Amino acid sequence: MLPILLTFAIFLPWGLSFPVIPPTLQDDLNFFEDYFHRFFFTTEESQKYSLEDQLRFLQHFFRLEETGWLDEPTKALIRQPRCGVPDIADYSFFPGSPKIERNHVTYSIYNYPVGMKYERVEKIILKAVKIWSNVTPLKFQRVYTERSDIEFAFLRGGHGDGFPFDGKGNTLAHAFAPNPYYQGVVHFDRDEEWSYSHEGINLFLVAVHEIGHALGLGHSQDPNSIMFPTYQYQDPKYFRLGDDDIKGIQTLYYSGNKSQRVS
Ligand code: TQI
Ligand code: CA
Ligand code: ZN
Ligand code: ZN
């Protein structure tokens, strides 16, 4: 009899303080899903992936250990305060508002897409970084060394970073959020039909969008923003950032204080 009583005595307090489904877990999962839709895929897109895959995606993206679990470091990351930006703003940042911590930013170009002259690709990337340096304290410099702050590359299929490209169509490119420990990258899917014009996919427009990500901007809800998550052709000759893009990037880079603490 004694062992049974003992078991009871030990488990009773636990039974009282933890209901069958811990409400905090459900909260955390809901929070994660909202968060994921906000920063990564749309609700529709994420139905293609299991929760575990989404967690791995997020963990890879932020260079956390890829457990596929909503573990403590991951919970801490998604619960990080989202700076003091009011909800009326359409732009978004990555959690913790990471940004490039130097004003002098070097970039390199690893290779070029098929069918485009390299001089023109160089000009397009230069023009795309200028779009952002015009409205920030950042100065970009093209370098030919292996170590650069941002590397541009045109890669096909699986290319070693855990985010394989998918052939012509669908995913066009990706960029990682700024991280003090890793080189920034902007990868373009080599299988896309990259172009200077309205045919195929306009390289300049996608480059501006991806550089926005590489500098720390997430997607914007404002359809006039280049960070809006759908591709819409416009003539690069007359391209201007949306007001929302400018507000977003300036909030990030003119915040004065390095550490973006919220009261
Ligand atoms: N590539 C996605 C993108 O850059 C990858 C991605 C999804 C992403 N969510 C992210 C990257 C959050 C950083 C942060 O948006 S994409 C467009 C647009 C893509 C899409 O291939 O779908 C552009 C790449 F906006 F046109 F839809 C570039 Cl411009
Ligand atoms: Ca593709
Ligand atoms: Zn990649
Ligand atoms: Zn994007």
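Cut-offs used in this document
- Residues numbered from 1 in each chain as written.
- Chains lettered and ligands numbered in written order.
- Predicted model: local features only at pLDDT ≥ 70, side-chain atom pairs only at ≥ 80, totals over all residues.
- Heavy atoms only, no water.
- pLDDT = per-residue confidence, 0-100.
- Contact = heavy atoms within 4.5 Å.
- Salt bridge = Lys/Arg side-chain N within 4 Å of Asp/Glu carboxyl O.
- Helix = DSSP H or I, 4+ residues; strand = E, 2+ residues; numbered from the N terminus.
- Buried < 20%, exposed > 50% of the residue type's maximum accessible area, 1.4 Å probe, protein only.
- Donors = N, O, S within 2.8 Å, 3.2 Å for Na, K, Ca; no water.

For the confidence of the model for the chain, give the residues involved together with the corresponding values.
Per-residue pLDDT for the chain has a mean of 84; in total, 80% of the residues score no lower than 70. Every residue in residues 1–19 is under pLDDT 50, and counting partners more than four places away or in other chains gives zero contacts. The low-confidence segment residues 257–263, where pLDDT is below 50, has nine contacts with residues more than four positions distant or belonging to other chains.

Give me the lowdown on the pattern of salt bridges, citing residues and values where you can.
Applying the stated criterion across every chain, the model contains six salt bridges. Its salt-bridge partner being R142, residue E122 comes within 2.7 Å of it at the nearest N-O pair. Of this pair, E122 sits in helix α6 (residues 118–133) while R142 sits in strand β2 (residues 139–142); the two residues are 20 residues apart in sequence, bridging distant segments of the chain. We note a salt bridge from K168 to E193, for which the minimum N-O separation is 3.4 Å. Pair noted here: K168 is in the loop between β3 (150–155) and β4 (173–175) and E193 is in the loop between β5 (184–189) and β6 (194–195), with a separation of 25 residues, a long-range link. The exposed category is assigned to K168, whose relative accessible area is 59%.

I'd like to hear about the coordination of the zinc ion (ligand 4), residue by residue, with values.
Distances from the zinc ion (ligand 4) to its protein donors, H209 (NE2), H213 (NE2) and H219 (NE2), fall at 2.0 to 2.1 Å. Mapped onto the sequence, the residues coordinating the zinc ion (ligand 4) show the spacing H-x3-H-x5-H. One end of the pair, H209, and the other, H213, are both in helix α7 (residues 203–215), four residues apart, so they sit about a helical turn from each other. Exposure class is identical for H209 and H213. Each is buried.

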